[in-house]
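Report on the structure
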Amino acid sequence: MLHTNLSVNPEGHLTFAGMDTVRLCEKYGTPLLLLDEDRVRQNLRTYLRTMREVFGAGSFPCYASKALSFTGIYKIVAEEGAGVDLVSPGELYTAARARFPLSRAFFHGNNKTDEDIRYALEAGVGYFVVDNAEELAALEKLCQSRDTQQKILLRLTPGIDPHTHAKISTGKVDSKFGVAIETGQAMELVRRTLDCPHIHLAGFHCHVGSQCFDSQPFIDAAAIMLDFMTKVRDRFGLTADILNLGGGYGVRYVDAHPSIDIADNIRLVARRIRETCAALSFPQPRILLEPGRSIVADAGLTLYTCGSVKTIPGYKSYVSVDGGMTDNPRYALYQAPYTVLNASRAAAPADLTATIAGRCCESGDLIQENVTLPTPARGDRIAVLVTGAYNYSMASNYNRIPRPPIVLLHDGQDRLAVRRESFEDLVRNDLCEELAAEPS
Ligand SMILES: *Cc1c(COP(=O)(O)O)cnc(C)c1O
């Protein structure tokens, strides 16, 4: 099996985190997102332990919560002692509702409005990751009016192409995120920052991409960032304390993907950072990482119910399921690969090659093509593996389809963490009834 939390029981049902997935479908209905809480914690602990060991006590992972954001996940991350990366006031609100210690929060975004900035200042976010000169000016002004000082990191683009998919590659000079070192704009932004009395420049941030299967992008980025930090020290006398290298370690979605040892990779990055710092005579800063996908992806599993198997002679077969791009838009967006299993007949021979289609009125609503699985019957449960990251957080109500629930699995127990949306939820913002009731 792709990951160690998957197996098949004597009934031939797929199990996840030791639990019968078919039983869980009967209990909660489908589509259903299961989240293996123990796996989330293990993944966090790998980062926490290794980073403390190789970078020292001040280093920790900040879970990039855009991968999967709901109240319960912030509680888990807080309990484990990690930080958090927030990209919107909505994520901030959710973290605050979970009483996440916001001193360990990093507030991202390439276009924070004045309102967003005010909200984050009010909430007491530990660090802003400032993206551009306009944001810097707006932040300085708002801090001045509140008579507070705010710690920030500046988001820079080190000019690295990590050879991943273009839509999730962000470290290149041509990017909507951050300011480029190469063009001199980053140094200019540092100069401006140091002119802001209400802003404390604590360090620098970069994020080179996503779904990276080796450490070279991190090593290259660290070398460029440390060289820049040395130049900042030499020019302005500021020795910055934090280097945040972003997220991006890859996960195994299909057999063809390698499985990587995160701890070994972090150790390698640490060794190269030590060498670079020694060569530059620069004291090693606190290193932060922002893993998202590698914390939650393999902790997630989506279950659907098969409605039909349609074979078009001379063409192909379609297996239709009761969810689709509304709960997992990643194949429709960028042909993301997934492993699909027949959870009801997990031990049967895989005898059908088919396209797994969603229920939306949209031909592009596919979960995966060219999947080989045991031929499903109507009512069979279909499992899509490794769906913890960028599924629920990217879900929509297209076709007025309610979002699925999230069920946490821990120690052989299942616990509803997010309710399934109801039809009532779908119309909660619609005012037509009130409008219709008004006299004309
Ligand atoms: C998306 C993102 C991450 C997380 O990336 P993963 O590939 O999910 O680990 C971290 N930091 C920033 C700034 C991001 O935009």
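Here the structure is shown first, and the text comes after it.
In this report, we go over the structure that sits alongside the text. Fair warning: this is a prediction, and the values are worked out from it, not measured in the lab.

1. Here's the deal with helix 3 (residues 71-80)
Among the residues of helix 3, those classed as buried are Ile-73, Tyr-74, Ile-76, Val-77 and Glu-80. The buried side chains of helix 3 occupy one side of the element, clustering within an arc of 160° when seen end-on.

2. As for the pairing of strand 6 (residues 83-86)
When a strand is regular, its side chains alternate between the sheet's two faces. Going residue by residue along strand 6, you find Gly-83 and Asp-85 tucked away on one face and Val-84 and Leu-86 tucked away on the opposite face as well. Relative to strand 6, strand 5 (residues 62-64) runs parallel, the two being bridged by 3 bridges. Across the sheet, Ala-64 pairs through a bridge with Asp-85, a residue of strand 6. Pairing of strand 6 with strand 7 (residues 105-107) involves 3 bridges; the strand directions are parallel. By the bridge assignment, Asp-85 is partnered in strand 7 with Phe-106. Taken together, strand 6, helix 4 (residues 89-97) and strand 7 form a β-α-β motif whose crossover is right-handed.

3. Here's the deal with the pattern of salt bridges
Evaluation of the coordinates by the stated rule reveals 27 salt bridges. A salt bridge links Asp-414 to Lys-27, with the shortest nitrogen-to-oxygen separation between them at 2.7 Å. Taken as a pair, Asp-414 in strand 21 (residues 413-418) and Lys-27 in helix 1 (residues 21-28) lie far apart in primary sequence, 387 residues in all. By relative accessible area, Asp-414 is classed as partly exposed at 21%. Put simply, Arg-415 and Glu-37 hold a salt bridge, and the shortest N to O gap is 3.2 Å. Residue Arg-415 is found in strand 21, and its partner Glu-37 is found in helix 2 (residues 37-55); the two are separated by 378 residues along the sequence. When its relative accessible area of 48% is taken as the criterion, Arg-415 is described as partly exposed. On the basis of relative accessible area, Glu-37 is assigned to the buried category, the value being 4%.

4. Some points on the site of the ligand
Taken together, 15 residues are adjacent to the ligand, and Lys-66, Ser-210, Glu-290, Arg-293 and Tyr-390 come closest. The separation between an oxygen atom of the ligand and a polar main-chain atom of Gly-248 is 2.9 Å. Interatomic distance of 2.8 Å between a backbone N/O atom of Arg-293 and an oxygen atom of the ligand. Within the complex, 94% of the 390 Å² of free accessible area of the ligand lies under protein. Structurally, the ligand is housed in the largest pocket. Residues that form the shell around the ligand fall into these classes: 3 nonpolar, 7 polar and 5 charged.

5. Here we look at the packing of aromatic side chains
Taken as a whole, this structure holds 6 aromatic pairs when the rule is applied. Relative to Tyr-127, the ring of Phe-106 lies with its centre 4.6 Å away and its plane at 0°, an arrangement referred to as stacked. Of this pair, Phe-106 sits in strand 7 while Tyr-127 is found in strand 8 (residues 127-130), placing the two residues 21 residues apart along the sequence. Across the pair, exposure class does not vary: Phe-106 and Tyr-127 are buried alike. Plain terms: the ring middles of Phe-204 and Phe-228 are 5.5 Å apart, the flat faces sit at 90° to each other, and that makes the pair edge-to-face. With Phe-204 in strand 11 (residues 199-205) and Phe-228 in helix 8 (residues 216-236), this residue pair connects regions lying 24 residues apart in the sequence. Between Lys-112 and the ring centre of Phe-107, over which it is positioned, the NZ or CZ distance is 5.7 Å.

About the criteria used
Residues numbered from 1 in each chain as written. Predicted model: local features only at pLDDT ≥ 70, side-chain atom pairs only at ≥ 80, totals over all residues. Heavy atoms only, no water. Buried < 20%, exposed > 50% of the residue type's maximum accessible area, 1.4 Å probe, protein only. Helix = DSSP H or I, 4+ residues; strand = E, 2+ residues; numbered from the N terminus. Arc of directions from axis to C-beta. Pairing = 2+ DSSP bridges. Right-handed = clockwise from strand over helix to strand, strands pointing away. Salt bridge = Lys/Arg side-chain N within 4 Å of Asp/Glu carboxyl O. Near = heavy atom within 4 Å. Polar contact = N/O pair within 3.5 Å; in protein donor to acceptor, adjacent residues only side chain to side chain. Areas by Shrake-Rupley, 256 points an atom, 1.4 Å probe, with all protein chains shown as cover. 1 Å grid on protein atoms, 1.4 Å probe; cavity = no way out; pocket = protein on both sides within 12 Å on 5 of 7 lines; lining within 4 Å. Sits in = over half its atoms within 2 Å of the grid points. Nonpolar A, V, L, I, M, F, W, Y, C, P; charged D, E, K, R; others polar. Phe/Tyr/Trp six-rings, centres within 6.5 Å; stacked < 30°, edge-to-face > 60°. Lys NZ or Arg CZ within 6 Å of the ring centre and 35° of its normal.

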